[in-house]
Amino acid sequence: MTSSPPAPDSDLQSPSGGGHLPDTAAPGSQAALRRANRRRVVDTVRSQGAVTQARIARETALAPSTVSSIVKELTACDLLAVEPDHGGRRGQRVRFSASAGYLVGVDVGHRHVEVALADLNLEIRARRRSELPAGHRAQDVLAEVRETCSDLRASLGIAPDRVLHAGLTLPAPVDAQRRALDSDAILPRWAGTDVRALAARLLDCPVVVENDANAGAVSEHALGAGRGVADMAYLKVAHGVGAGLILGGRLYRGASGSAGEIGHITLDEGAGLCRCGNRGCLETFVCAPAVLDLVRTSGQHAGTVADVVATALQGDPGCRRVVADTGRVLGSAVAQLCNLLNPELVVLGGELGQAGDLVLDPMMEAVDRYSLHGDTRLRIVPSELGAGAHLMGALILARSESSLPV
Ligand SMILES: [Zn+2]
């Protein structure tokens, strides 16, 4: 074997036959080089989704002929598939084969859990959502997730070993190893549990655990309102309030994984107690129970924030005022975020975002008032992925961590 440094496009030999990929190779050998090149092609499809061979060649700096040869080889093994490009441009797009493997996404909220089974193209084949009791326990929820996964797999005729990886999101900070909760203040009955290990054992596949707002940021950045944006924040407003930060095009988790806990910045030391133990956190003013309380005092009854938003959109003055006030409080917190990080975009997730200008205009006014010189470049927009943002983030993270047979 030659020891000269391998040129990226030096391997032009034909694939040695469909369906077989050598899984061991001496370092520096032709086989090792070809395997490294296969990995680069697959990683491009993994990060970009359906993509032309020309684009793969540009991204990987491999010769088009090498890309073409590798795509043929991986298509023969049923890892990749080639489809016509419907965008009207010449060429075909390369994506994962629909049967190359499957991913599980799990979104755990304060009062719900949703489980999805998707293929490697992130197309959800089956999903199920169920309500959870307040103060749920990790063991109980994960046992339910296991049952749901098993049902979803059975309904699609997918064997257990075809599930390659799972992603699980939690409405609380997750530690730097993406293993367990970083704090016992939120979801106390999940604290102290090695969530990643327990979920991996129950689901019988590797698992990545992530904070739900971080997952929302990842999905909106990859597929939603934040496509192509380098610096953005995703704001989750639900039972709890959190932010996921994308800085320089990458998720920013901070030193211990708890970056973006905007829900617990102090707005008023003299205000009500927060579940974190402090007083007057942002969350105590804008979380779903707080919004519903405000509506109740105006004489309306609403069961969910979605009801409040729908009533506001129909013109009810009490609900409109509650939505606007909530937007103003959120905006004052976003102004602090802007002073610190100067994002280009803030994506408002959760049901509140569906109120459109009723919530976004007061938010923007508060940002203008409280941020340094007003932030003229900042845009605030509703989530494009809506209620599925966290689940899709879980699937994206699972795909990015999955070990593919390359
Ligand atoms: Zn708090």
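What this report covers is the structure whose coordinates are included nearby. None of these values were measured; they are calculated from a predicted model.

Describing the coordination of the zinc ion
Alright, step 1. At the metal site, the zinc ion is ligated by H264 (ND1), C274 (SG), C276 (SG) and C281 (SG), and these contacts range over 2.1 to 2.3 Å.
Alright, step 2. Considering all four donor atoms around the zinc ion, angles at the metal cover 104 to 125 degrees and the coordination shape is tetrahedral.
Alright, step 3. In the primary sequence, the donor residues of the zinc ion line up as H-x9-C-x1-C-x4-C. Of this pair, H264 sits in the loop between β11 (250-252) and α7 (282-286) while C281 sits in the loop between β11 and α7, and the two are 17 residues apart along the sequence.
Alright, step 4. H264 gets classed as buried once you look at its relative accessible area, which sits at 17%.
Alright, step 5. Residue C281 is classed as buried on the basis of its relative accessible area of 0%.

Details of the packing of helix α4 (residues 138-156) against helix α5 (residues 195-203)
Any two packed helices are characterised by the angle at which their axes cross and by the distance between the axes.
Alright, step 1. Orientation of α4 relative to α5, taken along the N-to-C sense of each, is 30 degrees, at an axis distance of 9 Å. Considering their axes alone, α4 and α5 lie roughly parallel with respect to each other. Remark: the crossing between α4 and α5 carries right-handed chirality. Contact residues: α4 offers Q139, L142, A143, V145, R146 and C149, while α5 offers V195, L198, A199, R201, L202 and L203.
Alright, step 2. Classifying every residue of the contact of α4 with α5 by side-chain character gives nine nonpolar, one polar and two charged.

A few points about the pairing of strand β5 (residues 112-119)
Alright, step 1. Of all eight residues that make up β5, eight are buried, and the element is covered over most of its length.
Alright, step 2. Summarising the sheet, strand β4 (residues 102-108) and β5 pair through seven bridges and their orientation is antiparallel. In the strand pairing of β5, V104 is matched with L117.
Alright, step 3. Between β4 and β5, which pair antiparallel in sequence order, lie three residues.

Observations regarding the pattern of salt bridges
Alright, step 1. Inspection of the entire model under this criterion finds 22 salt bridges.
Alright, step 2. For D325, the salt bridge is made with R321, and the minimal N-O distance between the two is 2.9 Å. Of this pair, D325 and R321 both sit in helix α10 (residues 317-341), four residues apart, roughly one helical turn.
Alright, step 3. On the accessibility criterion, D325 (26% relative accessible area) is partly exposed.
Alright, step 4. Given a relative accessible area of 53%, R321 falls into the exposed group.
Alright, step 5. It is possible to trace a salt-bridge network through shared partners that takes in R178, E210, R253 and E401.

Thresholds, definitions, all that
Residues numbered from 1 in each chain as written. Predicted model: local features only at pLDDT ≥ 70, side-chain atom pairs only at ≥ 80, totals over all residues. Heavy atoms only, no water. Donors = N, O, S within 2.8 Å, 3.2 Å for Na, K, Ca; no water. Tetrahedral: all angles 85-135°; square planar, octahedral: opposite > 155°, others 65-115°. Helix = DSSP H or I, 4+ residues; strand = E, 2+ residues; numbered from the N terminus. Buried < 20%, exposed > 50% of the residue type's maximum accessible area, 1.4 Å probe, protein only. Axes fitted to C-alpha atoms, helices over the stretch in contact; angles between N-to-C directions. Parallel < 35°, antiparallel > 145°, perpendicular 65-115°, else oblique. Left-handed = near helix turned anticlockwise from the far one by under 90°. Contact = heavy atoms within 4.5 Å. Nonpolar A, V, L, I, M, F, W, Y, C, P; charged D, E, K, R; others polar. Pairing = 2+ DSSP bridges. Salt bridge = Lys/Arg side-chain N within 4 Å of Asp/Glu carboxyl O.

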